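Chain by chain, the residues:
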Number of protein chains: 2
Amino acid sequence: MDAIDRKILAELQVQGRISTTDLAARVGLTVAPTHRRIRDLEAAGAIVGYRAVIDPKALGLNFEALVFVTMKQEDRATLLGFEEAAAAVPNILQAYRLFGDPDFLLRVRTADLESYTRLQDDVLALLPGVQRFTSTLVMKDVVGDRPYPTG
Amino acid sequence: MDAIDRKILAELQVQGRISTTDLAARVGLTVAPTHRRIRDLEAAGAIVGYRAVIDPKALGLNFEALVFVTMKQEDRATLLGFEEAAAAVPNILQAYRLFGDPDFLLRVRTADLESYTRLQDDVLALLPGVQRFTSTLVMKDVVGDRPYPTG
DNA sequence: ATTGAAATAAACGGTAA
DNA sequence: TTACCGTTTATTTCAAT
């Protein structure tokens, strides 16, 4: 993982579909070694995959909320049960387990406030082991998901 | 934005580098209309771009924290000043403006706890308009950034 | 550097809402 | 009529050896 690899990762995080030819020019190599490095980075798991970045509004997902979850107990089984159930809810885009209280933070997307209300009442409230949760509405994505710093 | 477009978006969110040929087969069209749809989705802004998904550990970024920020004032200038300054910090991967208190939530990645300490003291603490902030360490990414539901 | 595959773009006719 | 598909053709670009 030298400086060139980091530059490759930086470029691919911004332009996931850049051709090997163009990428080679940007990192100052020829095509062959560039291609080899990409293959190695993929094989090593440094590059997990590629994805299109979608505008959620295009899918009608205009509402975003953060949900803080506090669990009844913090034993292993309770936590794992919750994590598994949460992973099965497609509207939960991200979920973090935190140190301290609350135990989890969820990032949730729905079409609108009404869909969110339904989701909270019919799905989130039924997640196993939950003592209580607090929702906070997201007003604005100031910094939307951004590439990792490579420098 | 019909069902086929949603299917295209679903596939591209999971396999951003799938070939038009393969994608066409998956959505049940031939290459030409599939390609047209991709072009239109890109032009309409539904597809914002493409990116490689990187393992942050490969970049040595092993530490993640959430930072809740409460501002001194909530006037427009103060908030915008903070947002601009926050956007200039590469370690801030995501930033949300929230309703209520706290005013912002930041997701921050650094190499380790020491780098985070330095970042907090030397950078985050100097962001303009901040009254106080509270850090919470992330124990685990239960659900790492996941595609939007298209159904 | 070469070969084969794939992306891209345009044109044309058919078809269903 | 409008909008979309599918086929075809041609050109370009890329991957891969």
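Residues numbered from 1 in each chain as written. Chains lettered and ligands numbered in written order. Predicted model: local features only at pLDDT ≥ 70, side-chain atom pairs only at ≥ 80, totals over all residues. Heavy atoms only, no water.

*Asks:* Lay out the interface of chain B and chain A in plain terms, naming residues and giving numbers.
*Replies:* The parts lose accessible area when they come together, and the size of an interface is often stated as this lost area. Each partner contributes to the interface: chain B provides 64 residues, whereas chain A provides 64 residues. Summed over both partners, the interface of chain B with chain A comes to about 6200 Å²; 61% of that surface belongs to carbon and sulfur atoms. Looking at the side of chain B facing chain A, the largest losses of area belong to B:Arg17, B:Arg51 and B:Tyr148, adding up to 14% of the total buried there. A salt bridge links B:Arg107 to A:Asp145; its shortest N-O distance comes to 3.3 Å. Inspection of the chain B/chain A interface yields 46 residue pairs in polar contact (both at pLDDT 80 or more). Secondary structure elements with two or more residues in the side of chain B that touches chain A: helix H1 (3–14), strand S1 (47–54), strand S2 (63–71), helix H4 (76–87), strand S3 (92–98), strand S4 (104–110) and strand S5 (130–143) of chain B. Here the side of chain B that touches chain A is built from residues that sort into 40 nonpolar, 10 polar and 14 charged. As paired elements, strand S3 (residues 92–98) of chain A and S5(B) share four bridges and run antiparallel to each other. Bridge pairing in S5(B) links A:Arg97 to B:Lys140. (Contact = heavy atoms within 4.5 Å. Buried area = accessible area lost by both parts, 1.4 Å probe. Salt bridge = Lys/Arg side-chain N within 4 Å of Asp/Glu carboxyl O. Polar contact = N/O pair within 3.5 Å; in protein donor to acceptor, adjacent residues only side chain to side chain. Helix = DSSP H or I, 4+ residues; strand = E, 2+ residues; numbered from the N terminus. Nonpolar A, V, L, I, M, F, W, Y, C, P; charged D, E, K, R; others polar. Pairing = 2+ DSSP bridges.)

*Asks:* Talk me through the layout of surface pockets; I want residue IDs and the actual numbers.
*Replies:* Its boundaries defined by the atoms lining it, the second largest pocket holds a volume of some 160 Å³. Together, A:Phe68, A:Asp101, A:Pro102, A:Thr134, A:Thr136, B:Phe68, B:Leu98, B:Asp101, B:Pro102 and B:Thr136 line the second largest pocket. In terms of residue class, the lining of the second largest pocket is made up of five nonpolar, three polar and two charged. (1 Å grid on protein atoms, 1.4 Å probe; cavity = no way out; pocket = protein on both sides within 12 Å on 5 of 7 lines; lining within 4 Å. Points joined across faces, edges and corners; volume = space filled by probe spheres on them.)

*Asks:* Go over the protein's contact with DNA strand D, please, and point to the residues and values.
*Replies:* Every residue close to DNA strand D is listed here: A:Ser19, A:Thr20, A:Thr21, A:His35, B:Leu29, B:Thr30, B:Ala32, B:Pro33, B:Arg36 and B:Arg37. Restricting attention to atoms of DNA strand D within 4 Å of the protein, one finds that 76% of them are sugar or phosphate atoms. Contacts to DNA strand D include B:Thr30, whose backbone N or O atom sits 3.0 Å from a phosphate oxygen. Between DNA strand D and B:Arg37, the relevant distance is 2.3 Å, taken from a phosphate oxygen to a side-chain nitrogen or oxygen of the residue. When residues of the surface near DNA strand D are assigned to their parent elements, the largest contribution, four residues, is made by helix H3 (residues 31–43) of chain B. (Near = heavy atom within 4 Å.)

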